[in-house]
Every structure is written in structure tokens, then in C-alpha cells.
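Coordinate analysis (summary)
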Amino acid sequence: MTTHLSHQQGRPPLLRQAIKIRRRRVRDLQDPLPQTTQEVEAQPHHFSPEERDLLYEEALYTVLHRLGQPEPNHVKEASELLWYLQEAFQVQPEEHQRMLQRVRELEKPIFCLKATVKQAKGILGKDVSGFSDPYCLLGIEQGVGVSGGSPGSRRRQKAVVRHTIPEEQTHRTQVISQTLNPVWDETFILEFEDITNASFHLDMWDLDTVESVRQKLGELTDLHGLRRIFKEARKDKGQDDFLGNVVLRLQDLRCREDHWYPLEPCTETYPDRGQCHLQFQFIHKRRATVASRSQPSYTVHLHLLQQLVSHEVTQHQAGSTSWDASLSAQATTILFLHATQKDLSDFHQSMAQWLAYSRLYQSLEFPSSCLLHPITSIEYQWIQGRLKAEQREELATSFTSLLAYGLSLIRKFRSVFPLSVSDSPARLQSLLRVLVQMCKMKAFGELCPNSAPLSQLVSEALRTGTVEWFHLKQQHHQPMVQGILEAGKALLSLVQDIMGDLHQCRRTWNKVFHNALKIDLFSMAFLELQWLVAKRVQDHTVAVGSLVSPEMGESLFQLYVSLKELCQLAPTLPSDGPLALDGFHRWFQPAIPSWLQKTYSVALERVQRAVQMDTLVPLGELTKHSTSAVDLSTCFAQISHTARQLDWPDPEEAFMITVKFVEDTCRLALVYCSLIKARARELSAGQKDQGQAANMLCVVVNDMEQLRLIIGKLPTQLAWEALEQRVGAVLEQGQLQNTLHAQLQGALAGLSHEIRTGVRTLAEQLEVGIATHIQKLMGVKESVLPEDAILPLMKFLEVELCYMNTNLVQENFSSLLTLLWTHTLTVLVEVATSQRNSSLASSRLKVALQNLEICFHARGFGLPPEALHTATFQALQRDLELQAASSRELIQKYFCSRIQQQAETTSEHLGAVTVKVSYRASEQKLRVELLSASSLLPLDSNGSSDPFVQLTLEPRHEFPELAPRETQKHKKDLHPLFDETFEFLVPAEPCQKDGACLLLTVLDHDTLGTDDLEGEAFLPLCEVPGLTGYEEPGEAPQTRLPLTYPAPNGDPILQLLESRKGDREAQAFVKLRRQRAKQASQHPER
């Protein structure tokens, strides 16, 4: 009976065949895999019941006629193997017993030991040359077991093979000449009947040929060789030498053995005789099963392997686990026994494994990595000639079938290998690796010569699969209700799915395909999808038309943004022409007005709602603006985000869009100012507490300041700098500056005005109190100290400024301080002017100014020094210091100013005097040597002068005992040489005071009238040698002093002294200085 278990089918075209292949894990998106907890049913096989019965018979026969000891990790008990087969073939118990009994009744096979004598090493050298000519005799001794209890035990056999085994059952290897390490590699089939009383025998001999003594002496190499010659002389001619033997019990051997066995001696003469490498395998001949008699061994093994693997996979699926390509111990044992008994070569086993796994992989769920081992084995052992025609056809069919199936999986890799399953990338990578290795095989190249390159096939499958996936997604997003708005939403969802898929391709799948086949999946998918998307988006925008409703505008904007993100994913491609999405923004041009209007309308609604809900309460100690300012910041940030999302590519249109955004933002800012002020009036209308109204006004001002900061960030948020670079070649020079910056500056100016108005309102509330307290200073009793008199003013400022500092942000508080400081200085100047003649009032105002400066500076937290020390402040400070001083202090300050004027004068256009001045502390004498004068003005009508010099120590109240001194008068001399010495008896202390000086008044003597003034020179006494130390000065240095005139416009100190009518000393001093000024004015300078 002949039954063919394989179905030979014609091979359709590769991709057509792939479409027909079905697999449980592959489903279309419309038909997802149901999530059930039911028990997984066994997969149907393509074996008919008759074929399965024959295969079951073969498996039972294999187990029942098992030979040899079990391999490690193999199942020992036959009952366990029989039970496993019953489960694997799904045979009912009664049927199993019936078939088992029938198999037992079948004729036993012929048991054979396949023995391979590989080689030997370290054998004895029996010849004169020190080598041997070894050969082996081997056979099986039946009926006499080897003595010894334990398995593998041996004893030395004096009987040799030729004496124990019949000659017709004895096998002999070839003779290897002159070696101690012979290599035979010869295989013998040794039949036996009963394994329990059979033993394997191998004897190794040295072939001895008849040679003459001369020949032997010629081979002699050492003394051992000479001894061998004497030994051979005593034995019979032509008798072979025994080298050793190996005796093994068959029942001690495993089904396959591969070991080095020691050669046992017959005597103790040479116990170490070397080793022999032997391989054993128990095989069957004449198996009585139908399958063994009718089909090739590898075909039967293939079907058995396929049946067992199918069972293993099904069992794992039933347990909700994935098969890891490792067979159970029962399946491994059965397949090993079958392959060994059938004497299948490694190549045919690998081929059977490949055919079984490659077929099952197309119907069952298990890792593709299990296909790599048979691929490698086939490739390593590939020789085309060892296969028959039908085997080559079957192998070729398996190649093309797996390739087509693999391409079908690759085409649908998005659904077959979902990223929601963690090992999906690894599974796809394993499949690609299998396909790559398969297509590289010599067997594939010889059996499938017309197959296109794998990279080409995979690329085409990926393109086809991408288009199919797109259409499935498009169908999935098809709206239930037909309408242009619903179609836009469906298209938007489709584009978002495409972007998600492209992100997955770039992040995960591209690496897998590039590493395996150098295929750029991301670029390929992008090119295919962008073309499909462009066609549908363009059709949709044409259908929308130019009249865009707000709802449609919102839908189109989301679609535009998604397309922009899609284009940003575009890979860097060689210049093969433009993409279908290039210039897609032009399709959305009619929607721009709708987008801009929608952006403004939404922002305006948010601003109105934010102001209406605002209670004008600060958010916290550090955040002094209210909730509407925060909402406004978010609103403007959303406008900027919309502008960045739009990012219109056309430069000129982008400029106009930005202008509109800026215009709307500035308009919203001014609207907010109006709304927030109205909100403050609304909330404060019913408030009786003025403090609460001031609080709200502070919050309003802070909100406006926060708004001003937000508006100032527009150039950065809207990327004006980048826009300017883009539109540089389109717009006229300065157009952007004149448009955008003018809009921004206008808005900022409006905000600044609103802020200043609010701060001015707050300042006006405080200015009245400041002016009132300053006026009250003048009415305080004279007995009250100035420091105590200003306490009410300082307490008022402390309370009010602390309150403002708490409720205003720093910028607005600084503005408030500036306004208050300016107003305070104005009030102080007015009061100081009205109280000019009162030294007490001036003293109080001076102390008030000093404390106010400290208060407004606030240790660096208030106004900076440069803001405090204005021209008004400096003038007031100077005036108050003068007004608060006594007449003598004023006179002292006057001389200080003249000394300063003298130090700053370098021109000698009025002339100069030269003196030597020194002070002797021991004598308390000031010595003045008046040497000369030069370049004097000619004050007489004759063009000359009659000069003399008047010497006085000033101020006079410091030196009341010292009368003025005069020099001799010189007639008609503009360069007089006086050379006169004057001594003043004066203590050192008054000379060291500020303003103490030697006044040198150069006069022109006039006989008939008043002497004319040539000029004055002031020498500070503090610089005179001898005043600063106790040592007597040496020769005094000459000092040249340019002459000066009093100030022509009047000195403020003199004006203040002149106002003090009741002070005689002041009036006398002013009279003398006025006289000098009058004299100076009568003689114009050269």
C-alpha cells in the first residue's frame, strides 16, 4: 500500500500566492481578532484520517522497537511516550489500544548496529621501524554476553575475533601502513537478534609480511628494533601481531555513541596500547509499517515532525503562552528514535525540519527564529545531486511558499506586528532575518533562479501594503453622516493617523528594515502617503470653496496645522522633483480671513469674561496683579501660538498676517484697559472705604503694567527678526519698522499713558497730605527741635508708602515715588522761599529735606540717588543750608567760595601778585612778604596806575584784633616791586578754619576821589607752611596769585546777608563787598 503524505501543488505567482495564504494572527482592520477566553481548538491538519493512522502506526512502531540506553534528558519509559503520541494524534483510548495491539503483532525489524571505525591513536609499534601496519577485525558475538555486572564493564579477552565470530560475520578494515595513528573512517552494518546477549568485538592487528633479514636491517633505527628482529625470528613467518581489542555489550550502548575506547591487551606486557575512536548507531532494516515500506524515510520523518510540532504549538496556545521553538522531552525522544532507526542523514533531518517548520509557520503561531537552524544546516551540507527531482521540487516549493507568505506578512506588518505588543519589532526582525538567510542559500539560488532580489520584493510589498493600509484607514474614518464638515473632520483624523504611522516608521520600523535589507521604509512610506493625502486634501478644499464659515474655518485650520507637521516629517530625498504637498498652503488661502477673525473673536470673548470675573484682588504677596492679567497673558500666548502654527510660507502674505495679529493684539490691550477701569469703577461705586478703592486702583495699575510687559514680548513671540529676514527682498526698506514697530510703540505709549494716569491719581491722593504736613512744620513752636517737628510728616509717609509698596508692583511704585518726590521738592521750595528770612524755618526745612531723602531712598529699595539728586533738590539743599546758617557762617561760606574761585582761576588778565607766606608757631606770627605785582590794569587817564596793596585777614570776626595793612604806593607802575614784609600776631587755630584767608586787595590810589580796584587775591591760610606742624618752616616758597573780581550778578550769600536788616555785622560786610563789586563793574576787563 502506497500513500503519499505530501500534496504537490503548482506554484502560482509569488504575490498572488501570498494573498491566498491565511493565518490566524493576520486580520484586516475591519475584522479585528476577537478577545475571547475560550479554549484554543486544535488546528486542522492536511492529513487525511488514513494518512494519520499510518503515521500513528509508524510512531508506535518506533517506540515499541526502541534499542539502546536512553540519551540524557530523553524519556526512558515507553508508556510515557505512548501516552504522548495518543495526545499528539488525538486518538481515543480504545482506538489507541487497538492500534497498539496491531503494531505489536507486526513483524519485528532487523536490528543492526551501524559501527564506524574512525581512527586510532597511540597504538604499539610492532615493526622494526617502530611503526605498525594496523587493520581491524570486528563483528558481533551473539549468545555469549560479556561477563561483569555493571553496564560497560569489560574483561581482557584472550580469544580474538577470528576465533569467536564466524568468518562470514567478520568485517575487516583496510590496512594503514607504517603509522601509530591510523585513520580509517569506515562504516559497517552488523546485524544481531537479541541485544541482551550480544556483544561487539573489535581486534586491531599489525599486518606482518615476509621480509628478508637484509630488508629488516635496512629498516633498523634503534636497539628496540633489533630486539623486535630477534623476537620475530622465534615466531612463525607471516604471523600478524596483536595490538589490542575493544569488547562492548550492546545493551550498554545508547542509541547513538561517539567515543574513544581504550585498546585492551591480552597480556600484561604492554597495558597501554592506545585508543580507538568508534561511532555506533542502532538502526532498523525491513520495518514492517506501511509508511516505511511505501515512502522515503525523510518524507515519513517530515510528516511525523510536522504532526508533533503542530501539537506542541497547539498546547502552548491552549495555555495562552507562546511556543519558544523548543520541543518537549517526549517529542524530542520520539523524533530522535525515528531518525536514528531510519538512519536518516543530518542533511535529510535538516531538510525535513525545514519543510515541516516552514509549512507550519504559515498556519500556526510560533517564532520564525526556529527556521534559522535548518536553513544553516541545509546550506552547510548542500549538494544538489543528493536530492531526487521530487525532493528538489518540494524544497523549491517550500522556499517560494515561505517567501510569498513572508511578503504577505510584511505587506500587513502594521497589523500583524502591532507595537502594542512589546516583542513585535523583534518578531519582524526575526522574519526578515529568516528571509534574508533563505534567499542567500545556495539551494535557493539553484532551485529558484528566477526569483527577484529580496530587497526589491520587500520594497514592493511595503509600497503595496502602505497603500492598502491608507485605504483601510480612509474607510475606517468614513463619516456616518455625509457632509462637507464631517468630511473635513474625517480627513483630519486620517492625516493624524498617517503622522502617527510615520512616527512609528521612523522611530521603530525603519531601523528594522534598514538593518536587514538597507530599505528606507520611512522615506518610502512618506512618499506614498503624501501623494495620497495631497489628492484628498486638494479635493476637499476645492469642495469647500471660497466662502468659509467659522466652523469650517476651524476644521480647515486644524487640517492645515496637521499638514504642516506632516511636511516637517519629510525626509531628505534626492532631487527627484517636487512633492505632492509642496505649496499646499495655497489650497487654504481663502480661509485666512476666517482664521484671523476667529482668533480675535475668541480672544476678545476671553478678555471680556476674564474682566467680568475679576474681583480686583491681588493673587498673592509676590503676585500683585489680579486674575484677569493672568487670563490675558494666557490669551495673548494663545494668539502667539496660533501665529506660530500658521507660519505662512509666502513672505509678503506672512507679513500682512503678522500685521493683523499685532493690530488685533494691540486693540485687545486697549480694550482691556477700558474694561478693567470700568470694572474698578463698578466695584468701588458702592464702597464707602476709600482705602478699598485705593486698593482696587493699585491692582488696576499693576494689571496694566503686567499687560505692558506682555505686549513688549510680541517681537520675540511673533519672531519679527526671522520675518524681517524673509521679507527683506519683498518689502521696501523700513516698511516693517514703520508698520509693526509703529503699531507696537503706539500700543505701549497708550498703556504707559494709562499707567501714568493711574499712578498720578494715586499720587494726587498723597500729595495733599504731604503739602499739609510740610505747612504744619512752620507752625510748630520754636522750642520744639527740628527732628521732633518733622515726625508727623515722616509717620504719614511711612504708612502711606508702605501701603503703596505692598499693593503696587515695583515699576509702578517707583513711578509713584518719582511723582511724589517731585511734588515734595516743589512744596519745599515754595515754603523755603516764603520763609527765607527765618533761620528757624530754614533749619526745620533742611532737616525735613535730609529725612525725606532717606525715606525716598529706603536703603536702596526706593529711588536711586541719581533720581533723588535732581537740580531742584541740589538748589534747594544749597539754599536751605545757607538760610539755616548764621551771618558769620554765611560770611565764612562766602570766603570759602572766593577761595574756590581763586583756585579755579588760571588767567592773569587782571594781573597777579607774588607773595611769600609762612607761619612761626613758636612766635604765633604770620609772616607775609609781598614781593611784587604784575600786568595790572591801567586805571588812570595817563594809561598807567598808582598801585598799592591792602592786606587783611578774613573773616574779620575771626581776627578782630588785627587791623588791615598797606604797602607803599607806586607811581605810574603796572609792574610794581613792593618787596615789603608784614607780620601778624595771630594764633594758629583761627587760621586753620574753613574760609580763613589772606585777602590781598590791589588798589589804584586816587588823590581826588575813591581808590580804584585793580583786583583781589585770596590765599587760604590752611595751606601756609608752618600751620600744619610744630617744626619751624624754612624758606617760604613764592606764590603767584591771579587777581579776580567779585561776581557781577551778585552772590546769593550776599543777597541772604543783605536780607538780614537787623544784623549790623552782616550789613557792614555786605556794604564793603557791594563797594568792591561796584568798583569792579566800573573797569571792564581786558
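Check the entry above for the structure.
Owing to the predicted nature of the structure, the values given are computational and were not obtained by experimental measurement. (Residues numbered from 1 in each chain as written. Predicted model: local features only at pLDDT ≥ 70, side-chain atom pairs only at ≥ 80, totals over all residues. Heavy atoms only, no water.)

Check the secondary structure of the protein chain and you find 37 helices and 16 strands. For the protein chain, the residues scored as buried account for 48% of the 1086 residues in total. Excluding contacts between residues fewer than 6 apart, the proportion of contacts in the protein chain whose partners are at least 24 apart in sequence is 79%. Carbon and sulfur atoms make up 50% of the accessible area of the protein chain, which totals about 53600 Å². (Helix = DSSP H or I, 4+ residues; strand = E, 2+ residues; numbered from the N terminus. Buried < 20%, exposed > 50% of the residue type's maximum accessible area, 1.4 Å probe, protein only. Contact = heavy atoms within 4.5 Å. Areas by Shrake-Rupley, 256 points an atom, 1.4 Å probe, with all protein chains shown as cover.)

Taken together, the 11 bridges between strand S1 (residues 110–121) and strand S8 (residues 275–285) define a ladder with antiparallel strand orientation. Counted as the bridge partner of Ile110 is Lys285 from S8. Of the strand pairs in this sheet, S1 and strand S4 (residues 183–192) are connected by 8 bridges, and their pairing is antiparallel. Paired with Lys114 across the bridge in S4 is Ile189. (Pairing = 2+ DSSP bridges.)

The next point concerns the sheet that holds strand S11 (residues 947–954). Ordered in space as S12-S11-S14-S15, the 4 strands form an open sheet in which the pairing is antiparallel. The open sheet is flanked by strand S12 (965–966) and strand S15 (1012–1020), the only strands paired with a single partner. Relative to S12, S11 runs antiparallel, the two sharing 2 bridges. Within S12, the position partnered with Leu951 by the bridge is Arg965. Helix H34 (residues 887–904) contacts S11, strand S14 (997–1004) and S15 of the sheet and is inclined by roughly 95 degrees relative to S15. The sheet strands contacting helix H37 (residues 1064–1081) are S11, S14 and S15, and the helix crosses S15 at an angle near 125 degrees. (Axes fitted to C-alpha atoms, helices over the stretch in contact; angles between N-to-C directions.)

Here we come to the pattern of salt bridges. Overall, the coordinates contain 29 salt bridges when judged by the stated rule. For Lys118, the salt bridge is made with Asp185, and the minimal N-O distance between the two is 2.9 Å. In this pair, Lys118 sits in strand S1 while Asp185 sits in strand S4, placing the two residues 67 residues apart along the sequence. The class of Asp185 is partly exposed, set by a relative accessible area of 47%. Connected through shared salt-bridge partners, Lys660, Glu663, Asp664 and Arg667 make up one network. (Salt bridge = Lys/Arg side-chain N within 4 Å of Asp/Glu carboxyl O.)

At a closest axis distance of 10 Å, the pairing of helix H3 (residues 78–88) and helix H9 (residues 297–318) adopts a crossing angle of 80 degrees. In this view, H3 runs roughly perpendicular relative to H9, as classed from their interaxial angle. Contacts from Tyr84, Leu85, Glu87 and Ala88 of H3 reach H9 at Gln307, Leu308, His311 and Glu312. Here the residues of the contact of H3 with H9 are counted per class, giving 4 nonpolar, 2 polar and 2 charged. (Parallel < 35°, antiparallel > 145°, perpendicular 65-115°, else oblique. Nonpolar A, V, L, I, M, F, W, Y, C, P; charged D, E, K, R; others polar.)

The antiparallel open sheet is built from 4 strands, whose spatial order is S4-S1-S8-S7. Edge strands, defined here as strands with exactly one partner in the open sheet, are S4 and strand S7 (256–262). Geometrically, the sheet is characterised by an average inter-axis angle of 20 degrees between neighbouring strands, direction not taken into account. Taken strand by strand, helix H10 (residues 329–341) contacts S7 and S8, and its axis lies near 95 degrees from that of S8.

Looking at the element boundaries, Glu961 is found in the loop between S11 and S12. The class of Glu961 is exposed, set by a relative accessible area of 72%.

In this section: the packing of aromatic side chains. Within the structure shown, the criterion is met by 26 aromatic pairs. Residues Tyr361 and Tyr405 carry aromatic rings whose centres are separated by 5.8 Å and whose planes lie at 90 degrees to one another, so their mutual orientation is edge-to-face. In this pair, Tyr361 is assigned in helix H11 (residues 346–361) and Tyr405 in helix H13 (residues 389–411), connecting sequence segments 44 residues apart. For the pair formed by Tyr361 and Tyr405, the shared burial category is buried. An angle of 35 degrees between the planes, with centres 6.3 Å apart, marks the rings of Phe588 and Trp595 as tilted. Residue Phe588 shares its accessibility class with Trp595, and that shared class is buried. Counting every residue linked through ring pairs, the aromatic cluster contains Phe557, Tyr560, Phe584, Phe588, Trp595 and Trp648. (Phe/Tyr/Trp six-rings, centres within 6.5 Å; stacked < 30°, edge-to-face > 60°.)

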